[in-house]
Structures are given as C-alpha cells and as structure tokens.
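Chain residues, written in single-letter form:
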Amino acid sequence: MEIGYTVWEWGLESEEDLKTALNDMKKLGYHNFENFIGMADLYQGREEEFNRLVKEYGLKFAALYHYIRDMDADHVGEAKKYLEFCKKTGARIMNIQAPARNGKPSREHILQLSGILDEIGKMAAEYDVTLCLHPHFQMTVEQEDEIDFVAEHTDPAYVKFCFDTAHTVLAGIDFERLFEKYRGRIGYIHLKDQDTEVDVEDYRYKWIHEWDKHQRFYELGTKGIDFPKVLKLLEKNGYDGYLVIENDTPTVSNYEGAKTNREYAAKILGM
C-alpha cells in the first residue's frame with residue numbers, strides 16, 4: 001500500500017494554490033496526491049504544463065475526485081472530459097460522489113444512480129481508469145444498505161468503492177464486516193479521523209446548517225479511529241492500493257495538518 005494526500009484543501013482557484021500544495025507535499029515526504037475536478041478545469045488544454053509541474057516536485061498524480069451533482073445532467077459527457085484529463089496526466093483512479101440526499105433516497109433513485117455509475121465505469125475502463133464510488137455522509141449513498149444496493153445493481157468489473165474511514169464511522173458501519181463483504185471491490189481508501197462516539201443527528205444538523213463553522217474531521221490519531229486495526233483488516237482482505245489521507249478541515253492549518261498526518265503515518269502505521 002502507498003500513502004498519499006488530498007490537496008484540494010489548499011484551494012482550486014489558481015495555479016499558485018496547486019504549487020503551494022505540491023511544495024508542502026514534497027517538504028513533508030508525500031509522493032502521491034489526489035485533487036478535485038476543479039484542478040482539471042484549471043489545467044484543461046494545458047495537461048503537459050500540469051505534468052511538468054508535478055514532475056518538478058517529484059510527485060505522482062494518483063486520482064481525480066468527481067461529482068454527480070444532477071442526475072438529469074449530461075453526466076457521461078462530463079465524466080468523459082475528466083477521464084480525458086486522467087489519461088493525459090497519468091491518474092488511474094476516478095473517485096465519484098453521488099448527489100446530496102434529502103432524507104432516505106428511494107429505490108428508484110438509487111437504481112437510476114447505479115445505471116449512471118455502470119455507464120461511467122465502463123467508459124472509464126476504456127481509459128484504463130478505475131471508477132470508485134465514494135459513500136459519503138449526507139449524500140445519496142451513505143448507509144450500508146445503500147452501498148449494498150449499488151453493489152448489487154452495478155458490474156463489479158466497472159464499479160469499485162472508495163471507502164473513507166470517517167464517513168464509515170458516521171454511517172455506523174463496522175470496518176471488518178465492510179471490508180470482508182467488499183473484498184476485491186475496494187479500489188481506493190481515504191483516511192481521516194472522526195469521533196467514534198459522535199452524535200450523528202447533531203453532526204447532520206451542523207453539516208447542513210453550520211457548514212463553515214463545523215469541525216467536520218480530524219488529523220489521524222487525534223480522535224477515536226483505530227487506524228492500525230483498519231490497515232490490518234485491509235491487508236487481511238487483500239487490499240494493496242492507495243491509502244490517501246484527506247484532511248478536509250485541518251484543526252490548525254493545511255501544512256500543520258499534513259505534517260501531523262505524515263508523522264502519524266510514519267511512526268504508527270509504518271508508512
């Protein structure tokens with residue numbers, strides 16, 4: 001398994017945002033990174049320039065994070081644009097997030113989503129990219145039964161999963177059961193810490209109504225998730241891909257959060 005870091009926390013508005021992030025990654029000893037589609041929009045048509053920049057900092061672009069915002073939009077056409085970017089920049093993973101939820105999603109809604117995922121997943125395979133659905137708090141696919149439904153109604157050859165440690169805790173899902181159930185279908189992992197005793201309904205209220213003030217996630221080793229156990233369970237179930245740390249809401253600063261996470265990964269996880 002290889003460690004990596006998400007860098008959208010530094011911003012997606014300018015090339016300087018990316019340069020600052022990559023410089024911090026290099027200083028801290030990270031080798032792989034993931035970014036949002038906003039970066040692909042910024043560098044569309046300038047992929048070689050992007051590749052030179054990444055090479056300059058000695059890093060590898062591992063994955064692009066995409067969203068399905070509107071079920072009725074041209075999701076295939078949009079995904080194709082970002083898959084083209086992946087092809088030109090070497091990313092071999094596309095994580096994808098389902099639309100926001102408004103209460104429990106209907107069977108018909110998730111069935112439609114599954115069809116979209118299958119369609120994008122088959123297209124991704126043509127680009128030598130693995131599509132990974134990211135079950136996510138407050139999105140259509142959040143709970144275990146929703147994950148199970150998508151798994152049952154999509155082709156495992158084309159649709160994998162990106163499981164996130166904090167979102168798994170928020171959904172009340174047991175890591176051991178989840179990893180065993182989806183052995184062979186785990187395409188990517190996000191690591192971030194979360195209070196394992198969190199009041200989920202209070203958290204949901206704050207997520208919706210206090211977004212800018214809400215401390216949503218935490219640096220590794222500062223809350224309750226047992227990351228050594230998580231790694232052992234992944235190894236037990238044959239996972240050998242990326243472990244990408246995502247620090248959406250660092251408690252101090254992007255750099256200090258990334259430093260705390262890097263030190264934990266090295267000292268505690270041996271990575």
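The structure contained in this document is the topic of the report that follows. Computed from a predicted model, the values in this text were never measured in an experiment. (Residues numbered from 1 in each chain as written. Predicted model: local features only at pLDDT ≥ 70, side-chain atom pairs only at ≥ 80, totals over all residues. Heavy atoms only, no water.)

1. What about the overall build of the protein?
Here is the rule: Strands are runs of DSSP state E lasting at least 2 residues, helices are runs of H or I lasting at least 4, and numbering of each runs from the N terminus. Within these notes, the globule rule equals 2.2 Å times the number of residues to the 0.38 power, and the radius of gyration is based on C-alpha atoms. Partly exposed describes any residue whose relative accessible area lies between the buried limit of under 20% and the exposed limit of over 50%, with all areas from a 1.4 Å probe on protein chains only and scaled to the type maximum. We call two residues in contact when some of their heavy atoms are within 4.5 Å. Calculation of accessible area relied on Shrake-Rupley with a 1.4 Å probe; when residues are assessed, cover is drawn exclusively from the protein chains displayed. By the counting rule applied here, Lys and Arg register as positive and Asp and Glu as negative, while His and the ends of each chain are not counted. Taken as the charge centre is NZ of Lys, CZ of Arg, CG of Asp or CD of Glu, depending on the residue.
Within the protein, the secondary structure is distributed over 11 helices and eight strands. For a compact globule of 271 residues, the expected C-alpha radius of gyration is about 18 Å, and the protein comes in at 18 Å, within 12% of that figure. Over its C-alpha atoms, taken along the principal directions, the protein stretches across nearly 45 × 40 × 40 Å. Out of the 271 residues in the protein, the part that is buried amounts to 55%. In the protein, the share of contacts with a sequence separation of at least 24, taken over all contacts with a separation of at least 6, comes to 83%. When the accessible surface of the protein is split by element, carbon and sulfur atoms take 45% of a total near 11900 Å². Side-chain charges of the protein comprise 34 positive and 50 negative groups, with the mean position of each set lying 4 Å from the other.

2. Structural notes on the environment of glutamine 112
One can find glutamine 112 in helix α5 (residues 107-126). You can call glutamine 112 partly exposed: its relative accessible area is 36%. In this structure, the C-alpha to C-alpha distance between glutamine 112 and methionine 271, residues 159 residues apart in sequence, is 40 Å.

3. Description of unusual backbone geometry
Within the chain, aspartate 128 stands out as a residue other than glycine whose phi angle is a positive 60 degrees. Relative to the helices and strands, aspartate 128 is located in the loop between α5 and β5 (130-133). Given a relative accessible area of 52%, aspartate 128 falls into the exposed group. Positive phi is not limited to glycine here, since glutamine 138 has a value of about 70 degrees. Secondary-structure assignment places glutamine 138 in the loop between β5 and α6 (144-152).

4. Observations concerning the side chain of histidine 190
Where we set the bar: We define a polar contact as two N or O atoms separated by no more than 3.5 Å, with the added condition that, inside protein, one atom must be a possible hydrogen donor and the other a possible acceptor, whereas residues neighbouring each other in sequence contribute only through side-chain atom pairs.
Checked against the element boundaries, histidine 190 lands in strand β7 (residues 186-191). A polar contact is formed between the side chain of histidine 190 and the side chain of glutamate 246, at a distance of 3.2 Å. For histidine 190, the residues in contact, after removing those within four places along its chain, are Thr6, Trp8, Glu34, Tyr65, Asn95, His134, Cys162, Phe163, Asp164, Thr165, Val244 and Glu246.

5. Side note on the packing of aromatic side chains
To keep things clear, this is the line we draw: Classification of ring pairs rests on two measures: the distance between centres of Phe, Tyr or Trp rings, Trp counted by its six-membered ring, which must be within 6.5 Å, and the angle between planes, read as stacked under 30 degrees, edge-to-face over 60 and tilted in between. Put simply, a charge is over a ring when the Lys NZ or the Arg CZ is close to the ring centre, within 6 Å, and near the line of the ring normal, within 35 degrees.
In this structure the tally under the stated criterion is 26 aromatic pairs. Seen in terms of ring centroids, tryptophan 8 and phenylalanine 36 are 3.9 Å apart; in terms of plane orientation they differ by 10 degrees. Their pairing is stacked. Of the two residues, tryptophan 8 is situated in the loop between β1 (2-6) and α1 (15-28) and phenylalanine 36 in strand β2 (residues 32-36); the sequence distance between them amounts to 28 residues. For lysine 223, the ring lying beneath its charged end belongs to tyrosine 218, and the centroid distance is 4.7 Å.

6. Here's the deal with the pairing of β5
What counts is decided by this rule: Pairing between strands requires that DSSP locate at least two bridges from one strand to the other. For crossovers, right-handed means that the path from the first strand over the helix to the second runs clockwise, given strands pointing away from the viewer.
As paired elements, strand β4 (residues 93-97) and β5 share four bridges and run parallel to each other. Of the residues in β5, the one forming a bridge with isoleucine 93 is threonine 130. Crossover handedness for the path β4 to α5 to β5: right-handed. In the sheet, β5 pairs with strand β6 (residues 159-164) via three bridges, with the strands oriented parallel. From the neighbouring strand, cysteine 132 faces β6, where its bridge partner is lysine 160.

7. Re the sheet that holds β6
Selection criterion: To obtain an axis, a line is fitted to C-alpha atoms, over the contacting stretch when the element is a helix, and the angle between two such axes runs from 0 to 180 degrees between their N-to-C directions.
Strand order in the closed barrel formed by eight strands is β1-β2-β3-β4-β5-β6-β7-β8, with parallel pairing between adjacent strands. Put simply, the sheet's adjacent strands are angled 30 degrees from each other on average, direction ignored. Of the pairings in the sheet, the one linking β1 to strand β8 (residues 242-245) comprises four bridges and is parallel in character. When the sheet's bridge partners are listed, isoleucine 3 is paired in β8 with leucine 243. Of the strands in this sheet, β4, β5 and β6 touch α5, which is tilted by about 150 degrees from β5.

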